[in-house]
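The primary structure of each chain is shown beneath.
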Amino acid sequence: MMKYKVILSSNSPRRKELLAGLDIDFSVRVMPDIDESYPDDLPVKEIPQYISRKKAEAYLKAIADDELVITADTVVVLDHEVLGKPANRDEAVAMLRKLSGKKHQVITGVCLTTLKKQHCFEVITNVTFKALTEAEISYYVDKYQPFDKAGAYGIQEWIGYIGVTSLEGSYFNVMGLPVQRIYAEMQRF
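These remarks concern the structure in this document.

Reading the values: the criteria
Residues numbered from 1 in each chain as written. Predicted model: local features only at pLDDT ≥ 70, side-chain atom pairs only at ≥ 80, totals over all residues. Heavy atoms only, no water. Helix = DSSP H or I, 4+ residues; strand = E, 2+ residues; numbered from the N terminus. Rg over C-alpha atoms; globule rule 2.2 N^0.38 Å. Buried < 20%, exposed > 50% of the residue type's maximum accessible area, 1.4 Å probe, protein only. Contact = heavy atoms within 4.5 Å. Disulfide = S-S within 2.5 Å. Phe/Tyr/Trp six-rings, centres within 6.5 Å; stacked < 30°, edge-to-face > 60°. Lys NZ or Arg CZ within 6 Å of the ring centre and 35° of its normal. Arc of directions from axis to C-beta.

1. Side note on the overall build of the chain
Reasoning step 1: When helices and strands are tallied, the chain shows seven helices and seven strands.
Reasoning step 2: When its helices and strands are written in sequence order, the chain yields β-α-β-α-β-β-α-β-β-α-α-β-α-α.
Reasoning step 3: Here the chain has a C-alpha radius of gyration of 17 Å; the compact-globule value for 189 residues is 16 Å, and the two agree.
Reasoning step 4: Oriented by its inertia axes, the alpha-carbon framework of the chain measures out at about 55 × 35 × 25 Å.
Reasoning step 5: By residue count, 49% of the 189 residues in the chain fall in the buried class.
Reasoning step 6: Taking contacts inside the chain between residues at least 6 apart in sequence as the whole, the part at least 24 apart equals 67%.

2. Re the state of the cysteines
Reasoning step 1: Summed over all chains, the structure comprises one disulfide.
Reasoning step 2: With a sulfur-sulfur separation of 2.1 Å, C111 is cross-linked through a disulfide to C120. Taking the sign of the S-S torsion, about 110° here, the bridge from C111 to C120 comes out right-handed.
Reasoning step 3: Residue class for C111 comes out buried when judged on its relative accessible area of 0%.

3. Regarding the packing of aromatic side chains
Aromatic rings considered in pairs are described by the distance between their centres and by the relative angle of their planes.
Reasoning step 1: A complete count under the given rule lists five aromatic pairs for this structure.
Reasoning step 2: One residue, K117, lies across the ring of F189, its end atom 4.4 Å from the ring centre.

4. Structural notes on helix α4 (residues 134-144)
Reasoning step 1: Where α4 is concerned, the buried positions are E136, I137, Y140 and V141. Down the axis of α4, the sector holding all buried residues measures 120°, keeping them to one side. Exposed residues pointing more than 90 degrees away from the buried face of α4 are listed as A135 and K143.
Reasoning step 2: Looking at the packing, one finds that the buried side of α4 touches α3 (89-99) and α5 (158-163).

Here you go:
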């Protein structure tokens, strides 16, 4: 399918698993210390694609002519507020309380980059949680410690099983990589 050697720029086990599901040969290469900041006035919907582009730019001096780098960034957005990765238990609990009983968006920005061209896009999925009890929130945070997950949850974990009441869009996007769209965009690339 591809005339390029594909590189996934992520240490996320979920992203590796999802990309592997496409039966595409790829390697993982992660550049250290990439700045993931963004301008304060940047519209929320544009943040993941902006960060994904910054990640891709870091690879331009490190890739060969026949390599294609996939960079991605995912954010959880509730009422125009970005919920990033919680720093600790208290932040994780607070995030899940905010998401409880509400609909939010999971937005992933993806860039496909070679030395000659780049194509970036975003995928948005709407996720609705039931009203979560304090016991459910505490159980999930204490057992699963979702500190490496935007919005303090993984849909593929217990909280997704018991808490997600509806989903509009890509389930895999909520896991961290919209693989169906990546497959389609790579075919066009």
